[in-house]
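A look at the structure
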Amino acid sequence: MSETCIYIARSSAIAARALAGEMMVMNSADSTFFTLNEVATVIFQAADGHTPLREIVRDQVCEQFDIDPEQAQADAEEFVAELSGHGILLVSSQPLAPETP
Amino acid sequence: MIAAPQKIACVEIGGIPIALSTDDERFLDLVSQRYDGFLSSSHPQFELQFDLTSTGPVSDDDVRVRREGDAWLIKRGDFQARWDPRTGRGSVRQNANPYSLDSVLRILHSLILAQRGGFLLHAASAICDGRAYLFSGVSGAGKTTITRFAPPDVTLLTDEISYLRLGADGYSAFGTPFAGELAKAGENCSAPVSALFFLEQGPENRIDELPSSEAVRRLMRNILFFAEDRALVEKLFTTACNFVSRVPIRRLTFYPDARVWDEVRTFARNFAGNLQEMPEHV
């Protein structure tokens with residue numbers, strides 16, 4: 001698990017909608033489409049660019065779900081890396097300014 | 001030199017009249033025959049001027065639709081078009097091939113609809129008991145087959161390209177002249193959409209639920225949209241989610257005979273009064 005502080009922000013190149021309890025996210029640049037589970041949705045919605053991922057996991061994920069903090073952090077980092085690879089999330093070791101569409 | 005006088009045919013699909021102008025009498029005849037049933041005396045909302053070439057397709061290039069300033073540039077190996085949504089006017093350079101004409105019209109309608117919350121769907125559609133039913137799927141899934149088995153009181157809107165518009169009371173499906181294997185234009189009429197079925201052929205008739213995410217995914221895959229434009233793609237995604245939240249979407253596995261329409265009617269009866277309610281998340 002990483003000790004480095006990670007900041008995450010939603011890319012401006014996406015469209016997201018909650019429908020029937022599911023969060024659907026589409027990368028409008030290449031039309032790739034993702035459905036997020038409940039935990040992933042919490043992280044996605046909290047990706048404001050200035051709240052560290054560790055804080056999101058501690059204050060929101062672990063508060064809302066019965067999950068081991070170490071495991072939650074590892075899962076969150078894996079999820080963030082995946083969505084970052086698809087251009088859905090921006091990741092930085094510094095706080096991120098919101099992207100202007 | 002005096003320009004040849006322009007002759008105009010107004011083709012109204014989905015309640016959107018588009019004037020097609022040309023100085024070629026034979027091309028005008030082709031337009032009139034091909035879109036018979038969709039010719040209109042309404043005041044056109046848009047206009048396309050055709051400049052006909054005598055050569056065949058220049059290349060096999062796939063279609064590209066992109067913005068250049070305020071206008072849309074639409075290019076394929078067999079035609080080139082430019083359309084300005086601000087003025088509503090555009091020009092097309094192609095030979096007198098009716099398939100090129102169909103494609104230009106489909107692309108233009110897809111651009112107009114995208115701005116208005118509607119879309120063209122790779123689907124057959126038909127009106128049964130006053131409501132429209134959509135049957136979507138890849139080629140070979142059974143779109144034409146299911147229309148062939150339609151009872152006599154069912155009105156065919158299309159066996160290939162469905163036309164969906166959002167109105168005050170929800171989505172309506174309109175007939176289109178764009179035919180698939182049936183080689184027959186749809187009726188020029190419309191009805192509120194009752195359901196969308198994604199088709200699969202199987203040993204028996206059955207209707208299964210689809211999760212919303214899967215419905216949106218399948219819907220996006222079957223919407224006809226060509227423009228390389230991020231904002232419009234996002235709008236289309238919002239439209240797809242809106243449609244899924246308003247219209248029942250199911251998987252219809254069917255055995256190819258007329259009994260599949262009993263299944264559709266039974267579904268319709270069970271869902272009467274529960275259609276196109278305002279969505280939870282809009």
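Residues numbered from 1 in each chain as written. Chains lettered and ligands numbered in written order. Predicted model: local features only at pLDDT ≥ 70, side-chain atom pairs only at ≥ 80, totals over all residues.

1. Thoughts on the interface of chain B and chain A
Note the following rule: Throughout, a pair of residues is in contact if the C-beta atoms placed from their backbones lie within 7 Å. Helical segments are the DSSP runs of H or I of at least four residues, strand segments are the runs of E of at least two, and each set is numbered from the N terminus. Lys, Arg, Asp and Glu make up the charged group, whereas Ala, Val, Leu, Ile, Met, Phe, Trp, Tyr, Cys and Pro make up the nonpolar group; the residues left over, Gly among them, are polar.
With 14 residues of chain B in contact, the opposing surface of chain A contributes 14 residues. Among the secondary structure elements, those contributing two or more residues to the side of chain B that touches chain A are helix H4 (212–222) and helix H5 (230–246) of chain B. With eight residues, H5(B) is the single largest residue contributor to the side of chain B that touches chain A. When the residues that make up the side of chain B that touches chain A are grouped by side-chain class, the tally is six nonpolar, five polar and three charged.

2. Side note on the domain arrangement of chain B
Residues and elements named next belong to chain B. Quick reminder of the rule: Segmentation of the chain into domains, including their bounds, is taken from an automatic or database domain assignment.
Per the domain assignment, the segments of chain B are domain 1 (7–115) and domain 2 (119–271). Counting from both sides, the interface comprises 19 residues of domain 1 and, opposite them, 20 residues of domain 2. For the side of domain 1 that touches domain 2, the element with the most residues is helix H2 (residues 98–115), which contributes eight residues. Residue composition of the side of domain 1 that touches domain 2, by class: nine nonpolar, five polar and five charged.

3. Quick word on unusual backbone geometry
Residues and elements named next belong to chain B. One non-glycine residue, Asp129, lies in positive phi territory at about 55°. You can see Asp129 is positioned in the loop between strand S8 (119–128) and strand S9 (131–136). The phi angle at Ala183 is positive, at roughly 55°, despite the residue not being glycine. Inspection of the secondary structure assignment puts Ala183 in the loop between strand S12 (170–174) and strand S13 (190–201).

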